[in-house]
Amino acid sequence: MFKNIFKDEKGNSKKLYACSVITGSTRVVELAGLCGFDVVWIDMEHASSTLDGAERMVIAAEAHDMIPLVRTSGYRREHILHALEIGGQIIVVPMVNDADTARETVAYGKFSPVGRRGFNRGSRGLRFGVDGDNWMERVNAETWLIPQIETVEAVSNIDDILAVEGLDGIFIGPGDLSSDMGIQAQFDNPRLIENAVSCIRKAKAMGLVAGIFAGEGPLFEATREAGADLFIAGSDSKILREGMQAVVQQLKGSD
Ligand code: 3PY
Ligand code: MG
């Protein structure tokens, strides 16, 4: 039986909570693990991570029993293959707006017969060839390929995207989706929540996993209720900013 990170030892569904590490710091990755996060979100779209830097963060995540999630910078072959080859276990692909793009991500992200992923047994993604047989099936089953639904176009194409064989789930990007809906960063807006919930319900009905960038408030509550499995609860830069602002406010507020 292959390991399913979204299930506990008894086979029950398990929700995973992630911290996004924008700073690129392996020490912050370690801290996230020591504090109890399940997943670390390594961002190659909105952060300056190099491939080597991202690989070091993957290693730091593994050292602290966290699941390394790599959000690619795009949906081209090299973006997806590199994220897998450095050892990303959950691969989140931004801006997948239609079924053709979703099919391309499967072609690049899954081995045959599901897709056409490039093969090099010596890569880190294949544990340098150390593991025994059955690697193609096992790696296909134990890596999670997840397109981001984050535009109005993607929401309107959700049924076609979900029908693409080989995808493991979807991930809602509320930042971009709210921008595209003309309600930028209005994370409590009922129209945004409705779109997120409806996509998540559809994914869950098909037995797929669903994630979202949310860690509190009505969007978090509604999507949790709808069955979402993976939540990015915040980023190191946000946590640091809030902490630093509070300290400066305390120091200078009464001057
Ligand atoms: C979004 O909210 O648009 C995301 O992609 C999460 O970073
Ligand atoms: Mg986005």
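The structure this text deals with has already been given above.
For every chain, the first residue of the written sequence is number 1, and numbering continues from 1 along that sequence. Note on labels: chains are lettered from A, ligands numbered from 1, in written order. This being a predicted model, a pLDDT of at least 70 is required before a residue's local features are given, and a value of 80 or more before pairs of side-chain atoms are given or counted; all residues contribute to the totals for chains, interfaces and linings. Remark: hydrogens and water are excluded; side-chain values derive from all non-hydrogen atoms of the structure.

Bringing the packing of helix H3 (residues 77–85) against helix H4 (residues 99–109) into the picture now. Relative orientation of the contacting elements H3 and H4 amounts to 45°, with a least axis distance of 9 Å. As summarised for this structure, H3 and H4 are arranged oblique, according to the angle between their axes. The way H3 lies across H4 gives a crossing that is right-handed. On H4, the residues that touch Arg77, Ile80 and Leu84 of H3 are Thr105, Tyr108 and Gly109. Tallied by class, residues from the contact of H3 with H4 come to three nonpolar, two polar and one charged. Geometry is summarised by axes, namely lines fitted to C-alpha atoms with helices restricted to the contacting stretch, and by angles between N-to-C directions that run from 0 to 180 degrees. The helix count covers DSSP runs of H or I at least four residues long, the strand count covers runs of E at least two residues long, and both are numbered beginning at the N terminus. Relative orientations are named as follows: roughly parallel for angles under 35 degrees, roughly antiparallel for angles over 145 degrees, roughly perpendicular for angles from 65 to 115 degrees, and oblique for any other angle. Each helix crossing is assigned a hand: it is left-handed if the near helix lies turned anticlockwise from the far helix by less than a right angle, otherwise right-handed if that turn is clockwise. The contact definition used throughout considers only heavy atoms, calling two residues in contact when any of these lie within 4.5 Å. Here the term charged refers only to Asp, Glu, Lys and Arg, the term nonpolar to Ala, Val, Leu, Ile, Met, Phe, Trp, Tyr, Cys and Pro, and the term polar to all other amino acids, Gly among them.

If even one non-hydrogen atom of a residue comes within 4 Å of a molecule or strand, that residue is called near it. Taken together, Arg71, Gln148, Glu150, Gly173, Pro174, Gly175, Asp176 and Phe213 form the complete shell of residues around ligand 1. Between ligand 1 and the protein, one listed contact pairs an oxygen atom with a side-chain N or O atom of arginine 71 at 2.9 Å. Polar contact is defined as a pair of N or O atoms within 3.5 Å, subject to the rule that within protein one atom must be able to donate a hydrogen and the other to accept it, and that residues adjacent in sequence are counted only when both atoms are side-chain atoms. Glutamate 150 is positioned with one of its side-chain polar atoms (N or O) 3.0 Å from an oxygen atom of ligand 1. Compared with its free state, where it exposes 230 Å², ligand 1 has 88% of that area covered by protein. By residue number, the principal contributor to the shell around ligand 1 is helix H8 (residues 174–180), which donates three residues. Residues belonging to the shell around ligand 1 are distributed by class as follows: two nonpolar, three polar and three charged. Here, Shrake-Rupley sampling with a 1.4 Å probe gives the accessible areas, and only protein chains in the shown set may cover a residue.

Okay, the packing of helix H1 (residues 26–35) against helix H2 (residues 51–63) next. The interhelical angle for the contact between H1 and H2, taken along N-to-C directions, is 25°, at an axis separation of 9 Å. In terms of orientation, H1 lies roughly parallel with respect to H2. Of the two possible hands of crossing, H1 and H2 adopt the one that is right-handed. Of the residues in H2, those touching H1 at Thr26, Val29 and Glu30 are Arg56, Met57, Ala60 and Ala61. Tallied by class, the residues present in the contact of H1 with H2 amount to four nonpolar, one polar and two charged.

Within the element layout of this structure, arginine 138 appears in helix H5 (residues 135–142). Under the scheme applied here, a residue whose accessible area is under 20% of the maximum for its type counts as buried, over 50% as exposed, and between as partly exposed, the area being computed with a 1.4 Å probe on protein chains only. Taking the relative accessible area as the measure of exposure, arginine 138 reaches 18% and is therefore buried. With near-sequence residues (within four places) excluded, arginine 138 lies in contact with Phe2 and Asp131.

Glancing now at the state of the cysteines. Two cysteine sulfur atoms form a disulfide, by the criterion used here, when they sit within 2.5 Å. Taken as a whole and assessed by the stated rule, the structure comprises zero disulfides. Considering cysteine sulfurs only, cysteine 35 is the nearest to cysteine 19, which forms no disulfide, with 8.7 Å between them. Overall, cysteine 19 belongs to the buried group, its relative accessible area being 5%.

As a further point, take the packing of aromatic side chains. Between 30 and 60 degrees the pair is tilted, below 30 it is stacked and above 60 it is edge-to-face, where a pair is any two Phe, Tyr or Trp rings, Trp via its six-membered ring, whose centres lie within 6.5 Å. Tallied over the full model, the rule gives eight aromatic pairs. Centroid distance phenylalanine 111 to phenylalanine 119: 6.3 Å. Interplanar angle 75°. Geometry classified as edge-to-face. Among the aromatic side chains, those forming a connected cluster through ring pairs are Tyr17, Phe220 and Phe231.

Before going further, it helps to spend a moment on the pattern of salt bridges. A side-chain nitrogen of Lys or Arg and a carboxyl oxygen of Asp or Glu constitute a salt bridge if their distance falls within 4 Å. Overall, the coordinates contain 10 salt bridges when judged by the stated rule. Between glutamate 62 and arginine 124 there is a salt bridge, and its shortest N-O distance comes to 2.4 Å. Remark: arginine 124 occurs in the loop between H4 and H5 and glutamate 62 occurs in helix H2; sequence separation between them is 62 residues. A residue is classified by how much of its surface remains accessible, and arginine 124, at 17% relative accessible area, is buried. Of the charged contacts in the structure, one is a salt bridge between aspartate 168 and lysine 110, with a shortest N-O distance of 2.8 Å. With aspartate 168 in the loop between helix H7 (158–162) and strand S6 (169–172) and lysine 110 in the loop between H4 and H5, this pair connects stretches of sequence that are 58 residues apart. Each of the two residues, aspartate 168 as well as lysine 110, counts as buried.

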